[in-house]
Amino acid sequence: MLNIRIEKTTAPKAKPSSEKLGFGKLFSDHMFVMDYDVENGWHDARIVPYGPISLEPSAMVFHYAQELFEGLKAYRRADGEIQLFRPDKNIERMNNTCERLCVPKINPEDALAAIKAVVDVDRDWVPYDEGTSLYIRPFIIATDPFLGVHPSHTYKFIIILSPSGSYYAAGINPVKIMIEREYVRCVKGGTGMAKVGGNYAASLLGQQKAEEAGYAQVLWLDGVHRKYVDEVGAMNVFFVIDGVVVTPSLEEGNILPGVTRASCVELIRSWGMKVEERKVSVDEIIEAHKSGKLNEVFGTGTAAVISPVGELCDGDDRMIINDGKIGEVSQKLYDAITGIQWGRIPDDMGWTQKI
Ligand SMILES: *Cc1c(COP(=O)(O)O)cnc(C)c1O
């Protein structure tokens with residue numbers, strides 16, 4: 001059992017109203033912190049007032065990006081209780097990312113206890129209004145004050161909490177996506193399957209280019225053949241082609257194994273429908289659109305849950321998908337997952353954990 005010291009703030013902040021929340025701008029009163037060194041392993045678990053941390057300018061994270069993170073949410077049920085959605089999946093993925101970045105893993109039970117404890121201390125920060133949630137951001141940074149290139153010997157594991165507004169306050173609005181043929185987000189053998197800040201830094205220029213052209217996100221192609229679809233922005237991607245649900249497979253290691261992605265695959269199969277996890281070439285998508293068989297395209301991730309794509313742009317070509325409206329499969333998945341997350345429908349899958 002993880003022993004967590006709790007130091008409560010003496011200056012609690014006022015809770016913001018729901019319409020002011022947005023995403024990732026506001027933080028709760030407390031944070032969880034735990035240190036690692038070679039002698040003691042992960043130790044000194046504590047919940048302290050949210051605030052700046054002090055690091056040497058030479059701390060390795062600033063120079064060689066030995067950093068990783070997770071993202072999940074706590075949801076307020078209609079009955080007032082608070083629950084997490086599949087936190088075990090995030091913790092498993094965090095430890096897989098640790099392995100890829102030579103960071104010492106955290107005992108999964110301790111990581112879960114830490115998440116639950118800090119959410120419990122700040123439980124009043126889980127907002128009540130429809131579609132709102134408390135975003136949970138666990139992360140690990142390398143803290144050795146050293147400029148040589150090797151894995152750090154010291155780390156910090158921190159969990160911060162950010163109340164977030166409804167993603168679809170104005171209704172589900174399909175987005176326009178641009179196929180990116182110049183930049184890539186990862187290559188086979190790289191860190192595509194790991195949730196690391198470095199991947200995001202590398203994706204900014206492509207994202208910026210898409211935004212300048214009037215598109216919300218980039219459709220990333222694989223870095224080796226420049227041919228197969230990897231992800232859409234920082235979301236996993238699904239297609240419905242001629243009634244069959246297709247999503248890129250995880251085998252090559254260049255796709256982030258999303259918890260929402262896995263949940264969609266499991267739900268669709270539980271409905272007796274087929275999901276093909278395989279390579280999907282961008283040419284197949286373009287062909288399917290030409291022959292009128294591209295029924296739906298959507299992204300999946302914790303923030304939006306389901307993000308329908310209404311338009312795909314490839315150079316000068318524009319492909320309108322499903323008349324720019326949310327499709328049948330997308331809507332059914334959205335209703336099922338958000339229903340379970342906010343406790344509006346029974347959790348037959350056993351995915352939620354109350355706090
Ligand atoms: C976090 C993330 C996702 C979505 O994962 P979820 O667990 O569903 O939130 C997809 N792609 C990338 C690159 C990500 O970082």
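Rules of the game
Residues numbered from 1 in each chain as written. Predicted model: local features only at pLDDT ≥ 70, side-chain atom pairs only at ≥ 80, totals over all residues. Heavy atoms only, no water. Helix = DSSP H or I, 4+ residues; strand = E, 2+ residues; numbered from the N terminus. Buried < 20%, exposed > 50% of the residue type's maximum accessible area, 1.4 Å probe, protein only. Axes fitted to C-alpha atoms, helices over the stretch in contact; angles between N-to-C directions. Parallel < 35°, antiparallel > 145°, perpendicular 65-115°, else oblique. Contact = heavy atoms within 4.5 Å. Nonpolar A, V, L, I, M, F, W, Y, C, P; charged D, E, K, R; others polar. Near = heavy atom within 4 Å. Polar contact = N/O pair within 3.5 Å; in protein donor to acceptor, adjacent residues only side chain to side chain. Areas by Shrake-Rupley, 256 points an atom, 1.4 Å probe, with all protein chains shown as cover. Core = buried A, V, L, I, M, F, W, Y, C linked by side-chain atoms within 4.5 Å. Domains from an automatic or database assignment. Buried area = accessible area lost by both parts, 1.4 Å probe. Salt bridge = Lys/Arg side-chain N within 4 Å of Asp/Glu carboxyl O.

This brings us to the environment of alanine 213. Mapped onto the fold, alanine 213 is located in the loop between α4 (197-212) and β10 (217-221). On the accessibility criterion, alanine 213 (44% relative accessible area) is partly exposed. Alanine 213 sits 43 residues away from leucine 256 along the chain, and the two C-alpha atoms are 26 Å apart.

This brings us to the packing of helix α5 (residues 259-270) against helix α7 (residues 328-341). Across the interface, α5 lies against α7 with an axial gap of 11 Å and an inter-helix angle of 110°. Considered as vectors, α5 and α7 are oriented roughly perpendicular to each other. For the pair formed by α5 and α7, the contact residues are Thr260, Ser263, Cys264, Leu267 and Ile268 on the first element and Leu333, Ala336 and Ile337 on the second. Each residue belonging to the contact of α5 with α7 can be placed in one class, and the counts come to six nonpolar, two polar and no charged.

Let us look at the site of the ligand. Around the ligand, a shell composed of 14 residues is seen, among which Lys195, Tyr200, Glu231, Thr260 and Thr302 lie nearest. Taking glutamate 231, its side chain carries an N or O atom lying 2.5 Å from a nitrogen atom of the ligand. The contact in question runs from an oxygen atom of the ligand to an N or O atom on the backbone of valine 259, over 2.8 Å. Burial of the ligand by the surrounding chains reaches 95%, relative to a free accessible area of 380 Å². Taken together, the residues of the shell around the ligand break down into five nonpolar, five polar and four charged.

This part takes up the nonpolar core. Buried together is how nonpolar side chains tend to be arranged in soluble globular proteins. Within the largest apolar cluster, 39 residues are counted, with the highest numbers of intra-cluster contacts made by Phe32, Val119, Ile136, Ile140, Phe157 and Ile159. Contributing elements (two or more residues each) for this core: β2 (30-37), β3 (41-49), β5 (72-76), β6 (82-85), α2 (87-100), α3 (108-121), β7 (133-142) and β8 (155-164). Broken down by element, the residue count for this core peaks at seven residues, all from α3. Not counting residues up to four positions away in its chain, the partners in contact with isoleucine 136 are Glu70, Gly71, Leu72, Lys73, Ala74, Leu84, Ile115, Val119, Ile159, Ile160 and Leu161. By size, the runner-up hydrophobic cluster in this structure holds 24 residues, among which are Phe85, Val275, Ala304 and Trp342.

This next bit is on the domain arrangement of the protein chain. Domain boundaries in the protein chain define domain 1 (5-164) and domain 2 (175-341). Here domain 1 and domain 2 have C-alpha centroids that lie 27 Å from each other. Carbon and sulfur atoms supply 59% of the area that domain 1 and domain 2 bury against each other, a total of about 1700 Å² over both sides. Between domain 1 and domain 2 we count one salt bridge in total. Among the salt bridges present, the one from arginine 86 reaches glutamate 266, with a minimum N-O distance of 3.2 Å. For the pair domain 1 and domain 2, the interface holds 13 residue pairs in polar contact (both at pLDDT 80 or more). Contributing elements (two or more residues each) for the side of domain 1 that touches domain 2: β4 (67-69), β5, β6 and α2. The element that contributes the greatest number of residues to the side of domain 1 that touches domain 2 is α2, accounting for five residues. Looking at side-chain class alone, the side of domain 1 that touches domain 2 contains six nonpolar, four polar and seven charged residues.

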